[in-house]
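Observations on the model geometry
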Amino acid sequence: MHKLLEKIFGWCYPLLRRWHLDDTLASYSSLAINIVILCFLAYGIFIIFRFILVTVMAVVAKKTKTKFDDLLITNKTAKYIAHLIPLLFIYKAVPIILDHYVYWESVFGKLVGIYIILLVLWIVRTIFNALRDHLKQIPTYSDKPIDSYIQIIMIVLWMIGVTVIISELFDIKTNTLFATFGAVSAIIILIFRDTILGFVASVQVSLNDMVRIGDWITFDKYGADGDVIEINLATVKVRNFDNTTTTIPTYSMISDSFRNWRGMLNSDGRRIKRHILIKAKSIRFLNESELVKMKKIQLITAYIENRQLEINKYNSQNGIDRSLPLNGRNITNFGLFRKYITQYLQHYPGLNHDMILLCRQLQPTAQGIPLEIYTFTKDKRFENYEYIMADIFDHIFASIIYFDLQIFELPSEGNGLSQESI
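Keep in mind that this is a model prediction, so the values were computed, not measured.

Quick look at the environment of L131
Take L131: it is sitting in helix α6 (residues 102-136). For L131, a relative accessible area of 31% puts it in the partly exposed group. Counting along the chain gives 63 residues from L131 to F68, while the straight-line C-alpha distance between them is 6.9 Å.

This is the structure in structure tokens:
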């Protein structure tokens, strides 16, 4: 190789001297001609090898079943490798061309060496990017923070590459340079604080399985409410349901509190937990004639009949004076309404009846008695869940009048009613 390069670049200076050119002029003229030849040869080598590599890789990609080689082509790995071959040619040719220019030989040799190091790092990056894209297409790895792992590896490689470049530029031994970095580690930590925090957070998020790509998370501090689309070393990207994107620092995932809805989505149902406020003064006992009317409500007909038999038997055995409804056991409109809603929910097709289902009374408040619905829908999709919940409460609002109950509402302005009169 060395003899071939001497033949290519060593003919010009003797020829110019035979033409009786001055030594200095012949030397500079020979240098200029050799640089032009070097540029043309390097470009020609680049064109040839780029064509060969791209063509060969394309043929191989078509014949193989794996998509990894297709991703290598997409990430332009072959083109970067094609740059490397003419660079190696230049690296070998520079000492011969600049044989009489020791200083410039050293400078250009270092510059070419540095560019080769950078090019190798770029080639490695394209390979890792292709690997990342390939793993994301595999269901097993699609929800893993592959970007974080790739970024961590590349940061380590870039640190090694920068160290080698500095040692190449200033002729410092690599061991000495690493020892110097250790001495100034406090400054390095300060400069790369966010990167280090992101690295630690990314590892913890991955090991503890706190969040995956595709998870629905809610992070009130950053206004995030949507699906995780990317996890990398520094940030977690969330596509909100209004199609905006929120970027969250990765270390915030372990330093702050956020809600991950993955457990709900993986469960058998999505919870409905909502209440209405019943005015306390509208709750009362029901008389016999009212109960007869209530029996027309099919969902609670059997319940009322069985309940009446049970209550009448108890009151009769204990000699209860029925002239006053307060005496003995009685049925209230509120209790009957709770039973009706329970029956309605048990017959509602959109709910998961294998999970808990409650219509319960909560602690009384200044605004009234809370009646809470606690159940789970079969369909966990957001739009269907909201429809089912709205449908249930539409029915509750419409049916409450049949039980002579009232819902608490603040008085509207200018209606002439006080809150007490509602």
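Let's talk about the nonpolar core
If you look at the biggest cluster of nonpolar residues, it comprises 33 residues, and the most contacted ones within it are F337 and I392. Contributing elements (two or more residues each) for this core: β6 (270-278), α13 (288-294), α14 (301-317), α15 (333-347), β8 (369-377) and α16 (382-399). In terms of residue count, α15 provides more of this core than any other element does, 7 residues in total. Discounting residues that sit within four places of it in the chain, I392 has contacts with I272, Y344, L345, Y348 and L351.

Digging into the environment of G214
Assignment of secondary structure puts G214 in the loop between α10 (193-207) and β1 (216-219). By relative accessible area, G214 is classed as partly exposed at 46%. Measuring from C-alpha to C-alpha, the distance between G214 and E230 comes to 8.6 Å, with 16 residues separating the pair along the chain.

Details of the sheet that holds strand β7 (residues 358-361)
If you trace the 3 strands from one edge of the open sheet to the other, you get β6-β8-β7, paired in antiparallel fashion. What marks the edges here is a single partner per strand, and that holds for β6 and β7. For this sheet, the mean inter-axis angle between neighbouring strands, taken without regard to orientation, is 20°. Across 4 bridges, the pairing between β7 and β8 is antiparallel. For L358, the partnering residue across the bridge sits in β8 and is Y374. Along the sheet, α16 makes contact with β6 and β8, crossing β6 at roughly 25°.

Examining the pattern of salt bridges
Oppositely charged side chains may form a pair once their charged atoms are brought near each other. What the rule picks out here adds up to 11 salt bridges. Between K221 and D256 there is a salt bridge whose closest N-O contact spans 3.1 Å. Of this pair, K221 sits in the loop between β1 and β2 (224-231) while D256 sits in the loop between α11 (252-255) and β5 (259-260), and the two are 35 residues apart along the sequence. Residue class for K221 comes out exposed when judged on its relative accessible area of 57%. Close ionic contact of E230 with K237 constitutes a salt bridge, the shortest N to O distance being 4.0 Å. In this structure K237 comes out as partly exposed when scored by relative accessible area, which is 30%. A single salt-bridge network, built from bridges that share partners, covers K273, R360 and E372.

What to know about the confidence of the model for the protein chain
Here the protein chain averages 80 in pLDDT, while 81% of its residues score no lower than 70. Taken as a whole, residues 414-422 scores under 50 in pLDDT and shows 11 contacts with residues more than four places along the chain or in a different chain.

Parameters and conventions
Residues numbered from 1 in each chain as written. Predicted model: local features only at pLDDT ≥ 70, side-chain atom pairs only at ≥ 80, totals over all residues. Heavy atoms only, no water. Helix = DSSP H or I, 4+ residues; strand = E, 2+ residues; numbered from the N terminus. Buried < 20%, exposed > 50% of the residue type's maximum accessible area, 1.4 Å probe, protein only. Core = buried A, V, L, I, M, F, W, Y, C linked by side-chain atoms within 4.5 Å. Contact = heavy atoms within 4.5 Å. Pairing = 2+ DSSP bridges. Axes fitted to C-alpha atoms, helices over the stretch in contact; angles between N-to-C directions. Salt bridge = Lys/Arg side-chain N within 4 Å of Asp/Glu carboxyl O. pLDDT = per-residue confidence, 0-100.

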